[in-house]
Amino acid sequence: EVLLRMHSVGICGSDVHYWQHGRIGDFVVKDPMVLGHEASGTVVKVGSGVTHLKPGDRVAIEPGVPRETDEFCKTGRYNLSPTIFFCATPPDDGNLCRYYKHSASYCYKLPDNVTFEEGALIEPLSVGIHSCKRAGVTLGSKVFVCGSGPIGLVNVIVAKMMGAATVVVMDLSASRLQKAKEVGADFTIQVKNETPQEVASKVESLLGCMPEITVECTGVQACIQAGIYATRSGGTLVLVGLGPEMVTVPIVNAAVREVDIRGIFRYCNTWPVAIALLASKRVNVKPLVTHRFPLEKALEAFETTKRGEGVKVMLKCDPTDHNP
């Protein structure tokens, strides 16, 4: 393990959800729990078995650490291991604190030209990398992204990076759609009260065809329905957003058109990829950070996120260094 002096921690929708509701699905908060899982910091101490890190190294933290080498770890899909440790998922504490210890194997050294905040943003960026890989985004893909929150935006960034020719993004919020344009979206749709079928036909008319790939980042029933209707026959719909356990969807429509529906659970094997992309300046996640607060003002930061203001709210945990 390594002991870290924490620097930057982003607030995720799941953090806010645990704070407000005390549970997400089967994960229930029964005891006091430290939040935070989008994080970076500096190594201050290393365990006797650690060879690849030393005090002073700046690192990004992968929050999910397998507790055993089970069948999922052996096949490289360690994110599916049922006993995995995960920061800020009950009963495991997160890293929104001054000092934090973590498995050294899941701390990744940051190159000098990658900031702490970029390091913290590798966690949401990883969701985009994992979902776009599961979706099969490739050269010339036409992609429809439902939702323009932080996860929708990282999917836009990664889809364009992986060669998508055109990306269309849908959201309720004009300001969030403006941010989607900033990070590379080709078209945006501001929805009001359209039916899922109407949304699908808007997507088709903007792209000039139906998209092969839809990435659904809201978890809202109507958006999942729109995703099915919008996706080209033989295409793929990836469900990233989590909503209610039971949703009504036009499954027969998907079945008879051979639309593949895939889920994702977090990510795996994405930190080295993300660091390489950030170091080479092939992706730019800096525009995602819209607010910064010192750790002492965590409540204010959480309330800002809860109100849906800005995009990514970043907490600064090192009282001596509030730089990005």
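Bear in mind that the values here come from a model prediction, so they are computed numbers and not experimental data.

**Remarks on the overall build of the protein chain**
Next up, step 1: Along its length, the protein chain carries 10 helices and 17 strands.
Next up, step 2: In the protein chain, buried positions account for 53% of the 324 residues.
Next up, step 3: Partitioning the intrachain contacts of the protein chain with sequence separation of at least 6 by distance along the chain shows that 67% fall at a separation of at least 24.
Next up, step 4: Counting only carbon and sulfur atoms, one obtains 54% of the accessible surface of the protein chain, whose full area is about 14,500 Å².
Next up, step 5: The positive charge centre, built from 34 side chains, and the negative charge centre, built from 33, are 4 Å apart in the protein chain.

**Regarding the packing of helix H4 (residues 150-161) against helix H5 (residues 174-182)**
Next up, step 1: The contact between H4 and H5 brings their axes to 9 Å, and the two run at 20°. Taken together, H4 and H5 sit at an angle that is classed as roughly parallel. In this structure, H4 crosses over H5, and the sense of that crossing is right-handed. For the pair formed by H4 and H5, the contact residues are Pro 150, Leu 153 and Val 156 on the first element and Arg 176, Lys 179 and Ala 180 on the second.

**Let's talk about the nonpolar core**
Next up, step 1: Within the largest apolar cluster, 83 residues are counted, with the highest numbers of intra-cluster contacts made by Leu 4 and Leu 125.
Next up, step 2: When residues in this core are grouped by element, the largest group, eight residues, is from helix H3 (residues 116-135).
Next up, step 3: Built from parts of two domains, this core gets at least three residues from each of domain 1 (2-109 + 285-316) and domain 2 (128-263).
Next up, step 4: The contacts of Leu 125, once residues within four sequence positions are left out, are Val 154, Val 158, Ala 274, Leu 278, Val 283 and Val 285.
Next up, step 5: Within the second largest apolar cluster, 13 residues are counted, among which are Cys 146, Val 203, Ala 226 and Ala 230.

**So, the sheet that holds strand S15 (residues 260-263)**
Next up, step 1: One open sheet holds the six strands; their spatial order is S12-S11-S10-S13-S14-S15, and the pairing between them is parallel. Both outer strands of the open sheet, strand S12 (187-190) and S15, are each paired with one neighbouring strand and no more. Looking at each pair of strands side by side, their axes are set apart by 15° on average, direction ignored.
Next up, step 2: Inspection of the sheet shows strand S11 (residues 166-171) paired to S12 by four bridges, in the parallel sense. Following the sheet pairing, Asp 171 is matched in S12 by Gln 190.
Next up, step 3: In this fold H4 packs onto strand S10 (142-146), S11 and strand S13 (213-216), with an angle of close to 175° to the strand it touches most, S11.
Next up, step 4: Its contacts with the sheet place helix H7 (residues 221-230) against S10, S11, S13, strand S14 (236-239) and S15, and it is angled at close to 165° to S14.

**Re the domain arrangement of the protein chain**
Next up, step 1: Split into domains, the protein chain comes out as domain 1 (2-109 + 285-316) and domain 2 (128-263).
Next up, step 2: The partner domain 2 presents 10 residues to the 10 residues of domain 1 that form the contact.
Next up, step 3: Summed over both sides, the interface of domain 1 with domain 2 buries roughly 710 Å², with 66% coming from carbon and sulfur.
Next up, step 4: Of all residues in domain 1, Pro 287, Leu 288 and Val 311 give up the largest surface area on contact with domain 2, accounting jointly for 57% of the area buried on that side.
Next up, step 5: Applying the counting criterion to the domain 1 and domain 2 interface returns zero salt bridges.
Next up, step 6: At the junction of domain 1 with domain 2, the criterion picks out two residue pairs in polar contact (both at pLDDT 80 or more).

**Quick notes on empty space enclosed by the protein**
Next up, step 1: Here the structure, examined in full by the defined rule, presents one cavity of 30 Å³ or more.
Next up, step 2: Considering only enclosed or pocket space, the largest cavity measures out at about 40 Å³ in volume.
Next up, step 3: Along the walls of the largest cavity sit Glu 62, Gly 64, Tyr 78, Asn 79, Ile 84, Phe 86, Arg 266 and Tyr 267, which together make up its complete lining.
Next up, step 4: For the lining of the largest cavity, a count of residues per class yields four nonpolar, two polar and two charged.

**Regarding the packing of H3 against H4**
Next up, step 1: Their axes nearest at 8 Å, the elements H3 and H4 cross at an angle of 55°. Relative to H4, the element H3 lies oblique. Read as a crossing pair, H3 and H4 show a hand that is right-handed. Where H3 approaches H4, its residues Pro 124, Leu 125, Val 127, Gly 128, Ile 129, Ser 131 and Cys 132 are matched on the opposing element by Ile 151, Val 154, Asn 155, Val 158 and Ala 159.
Next up, step 2: Residue composition of the contact of H3 with H4, grouped by class: nine nonpolar, three polar and no charged.

**A closer look at H4**
The α-helix winds at 3.6 residues per turn, so residues separated by three or four positions along the chain end up facing the same way.
Next up, step 1: When the terminal C-alpha atoms of H4 are compared, their 17 Å separation across 12 residues agrees well with the 16 Å that a helix rising 1.5 Å per residue should span.
Next up, step 2: When you tally the buried positions in H4, you get nine out of 12 residues, the bulk of the element.
Next up, step 3: Of all the positions in H4, only Pro 150, Gly 152, Leu 153, Val 154, Asn 155, Val 156, Ile 157, Val 158 and Ala 159 are classed as buried.
Next up, step 4: For H4, the secondary structure elements touched by its buried residues are H3, S10, S11, H5, S13 and strand S17 (312-316).
Next up, step 5: Directly beyond the C-terminal end of H4, a positive phi value near 110° is found at Gly 163.

Definitions and cut-offs
- Residues numbered from 1 in each chain as written.
- Predicted model: local features only at pLDDT ≥ 70, side-chain atom pairs only at ≥ 80, totals over all residues.
- Heavy atoms only, no water.
- Helix = DSSP H or I, 4+ residues; strand = E, 2+ residues; numbered from the N terminus.
- Buried < 20%, exposed > 50% of the residue type's maximum accessible area, 1.4 Å probe, protein only.
- Contact = heavy atoms within 4.5 Å.
- Areas by Shrake-Rupley, 256 points an atom, 1.4 Å probe, with all protein chains shown as cover.
- Lys, Arg positive; Asp, Glu negative; His and termini not counted.
- Charge placed at Lys NZ, Arg CZ, Asp CG, Glu CD.
- Axes fitted to C-alpha atoms, helices over the stretch in contact; angles between N-to-C directions.
- Parallel < 35°, antiparallel > 145°, perpendicular 65-115°, else oblique.
- Left-handed = near helix turned anticlockwise from the far one by under 90°.
- Core = buried A, V, L, I, M, F, W, Y, C linked by side-chain atoms within 4.5 Å.
- Domains from an automatic or database assignment.
- Pairing = 2+ DSSP bridges.
- Buried area = accessible area lost by both parts, 1.4 Å probe.
- Salt bridge = Lys/Arg side-chain N within 4 Å of Asp/Glu carboxyl O.
- Polar contact = N/O pair within 3.5 Å; in protein donor to acceptor, adjacent residues only side chain to side chain.
- 1 Å grid on protein atoms, 1.4 Å probe; cavity = no way out; pocket = protein on both sides within 12 Å on 5 of 7 lines; lining within 4 Å.
- Points joined across faces, edges and corners; volume = space filled by probe spheres on them.
- Nonpolar A, V, L, I, M, F, W, Y, C, P; charged D, E, K, R; others polar.
- Expected span 1.5 Å × (residues − 1).

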